[in-house]
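So you can see what is in the structure, the chains are spelled out below.
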Amino acid sequence: MELHFLGTGAGMPSKERNVSSVALKFLQRGGEVWLFDCGEATQHQILRTSLKPRKINKIFITHLHGDHIFGLPGLLGSRSFQNGEASPVVIYGPKGIKAFIETALNISETYLTYPIQVIEIGEGLICEDDGRHVYAKKLDHVIPCFGFRLEEQAQPGKLKAGMLKKMGLAPGPLYQQLKEGRDVRREDGTVLKSSDFVSPPVPGRIVAILGDTKYCDNAVELGRNASVIVHEATVLHELAEKAAEFGHSSARSAAVTARLANAAALILNHISSRYHKEEKMLLLKEAEEVFSNTMIADDFSIFPIEKIKK
């Protein structure tokens, strides 16, 4: 998995940051992409990356503020002009997302050459796809807003084929039986225990991508034991009280959430345009004082999940 940040600004675009959009790319699934939010000009941002719009088959919308959805009609329309047949897209979002999409496409007479399905979500399991489960919980913003938690199922352990070969056992049905967790009784009566020849299962990764929110318990629950939490850090904590009036968090609040959730790593985004270049390091420093394994995203930052330090 890789997290590709397409827009990391809060509220409106600036010269340094576009508005909200994060892509989760699955490298071992043919480059499949799940998009989280689609602010204005997201498709322009994609043009400057290796991501392919036709590879986007799921879009998750946290809430209906314009800086999170105004890029959606354009992106959907442009997919119809991609080379080759565009794949279907499933869009998940709060109540109202279906009306927004249908109105924008109908009034502009935009015809899509591929099917879309729009699912208006509540809390709980919203998506199950090939060993991947996505859960949603409401956050604390000024309009209904969700955070998402992706859980992968555990992967089977690897067969220690080298040990078997040293015992003079050639590849065959015996290998498969052991890998499937079945013990094998040989002709001489000895038993090969699967647990001796298969490494322990590899725990599935957990990625929490949160929409706009001030501190809330649901954010902690979404990020519980996550491999990484993507959390807004609109302002420094000196402005936290004012930010909370508008349903936003400080960098310090994001770090508190990650610490209470026992997450492995935290990535800050949704940065106010008041923080330019070097000033963003103040946000990072503030968060690191509470949760040391914190990073801050810029537009076009890429974070491979496997390489995020623990």
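Caption draft 1: Spotlight on the overall build of the chain. Within the chain, the secondary structure is distributed over eleven helices and 16 strands. Considering only C-alpha atoms, the chain reaches an extent of 75 × 50 × 35 Å along its principal axes. Among the 310 residues that make up the chain, the fraction classed as buried is 51%. For the chain, the exposed area adds up to about 15,200 Å²; of that, 51% sits on carbon and sulfur atoms. Across the chain, the mean location of the 38 positive side-chain charges is 7 Å away from that of the 37 negative side-chain charges.

Caption draft 2: Region of the structure containing the packing of helix H3 (residues 72-79) against helix H4 (residues 97-107). H4 packs onto H3 with a crossing angle of 60° between their chain directions and a minimal axis gap of 10 Å. Compared by their axis directions, H3 and H4 come out oblique. The handedness of the crossing between H3 and H4 is right-handed. Along the contact surface, H3 presents Leu72, Pro73 and Leu76, while H4 presents Ile97, Phe100, Ile101, Ala104 and Leu105.

Caption draft 3: Representation of the pairing of strand S12 (residues 206-210) in the model. Of all five residues in S12, five are buried; the element is thus mostly enclosed. By the bridge criterion, five bridges tie strand S9 (residues 146-152) to S12 in an arrangement that is antiparallel. Across the sheet, residue arginine 149 finds its bridge partner in S12, namely alanine 208. When S12 meets strand S13 (residues 228-232), the two strands line up parallel, connected through three bridges. Across the sheet, the residue bridging to alanine 208 is isoleucine 229, located in S13. Assessed by its sense of winding, the connection that carries the chain from S12 through helix H8 (residues 217-222) to S13 is right-handed.

Caption draft 4: Fine view of the environment of proline 144. Positionally, proline 144 belongs in the loop between strand S8 (132-138) and S9. Its relative accessible area of 57% is what places proline 144 among the exposed residues. In this structure, proline 144 is in contact with Thr62, His63 and Pro94, ignoring residues within four places of it in sequence.

Caption draft 5: Inspection of H3 at higher detail. Residues of H3 that are buried include every one of Leu72, Leu75, Leu76, Gly77 and Arg79, and no others. Next to the buried residues of H3 lie strand S3 (32-36), helix H1 (42-47), strand S4 (56-60), helix H2 (66-69), strand S5 (89-93) and H4.

Caption draft 6: Local environment of the pairing of S9. A large share of S9 lies buried, amounting to six of its seven residues. The sheet contact formed by S8 and S9 spans seven bridges and is antiparallel. Residue arginine 132 lies in a different strand from S9, and its bridge partner there is glutamate 152.

Caption draft 7: Inspection of the packing of helix H10 (residues 251-261) against helix H11 (residues 280-288) at higher detail. Direction vectors running N to C along H10 and H11 enclose 35°, while the axes themselves pass 8 Å from each other. As for the relative orientation of H10 and H11, their crossing is right-handed in sense. Taking contact as the criterion, the partners of Ala251, Arg252 and Ala255 in H10 are, on H11, Leu283, Glu286 and Ala287. Each residue belonging to the contact of H10 with H11 can be placed in one class, and the counts come to four nonpolar, no polar and two charged.

The rules behind the values
- Residues numbered from 1 in each chain as written.
- Predicted model: local features only at pLDDT ≥ 70, side-chain atom pairs only at ≥ 80, totals over all residues.
- Heavy atoms only, no water.
- Helix = DSSP H or I, 4+ residues; strand = E, 2+ residues; numbered from the N terminus.
- Buried < 20%, exposed > 50% of the residue type's maximum accessible area, 1.4 Å probe, protein only.
- Areas by Shrake-Rupley, 256 points an atom, 1.4 Å probe, with all protein chains shown as cover.
- Lys, Arg positive; Asp, Glu negative; His and termini not counted.
- Charge placed at Lys NZ, Arg CZ, Asp CG, Glu CD.
- Axes fitted to C-alpha atoms, helices over the stretch in contact; angles between N-to-C directions.
- Parallel < 35°, antiparallel > 145°, perpendicular 65-115°, else oblique.
- Left-handed = near helix turned anticlockwise from the far one by under 90°.
- Contact = heavy atoms within 4.5 Å.
- Pairing = 2+ DSSP bridges.
- Right-handed = clockwise from strand over helix to strand, strands pointing away.
- Nonpolar A, V, L, I, M, F, W, Y, C, P; charged D, E, K, R; others polar.

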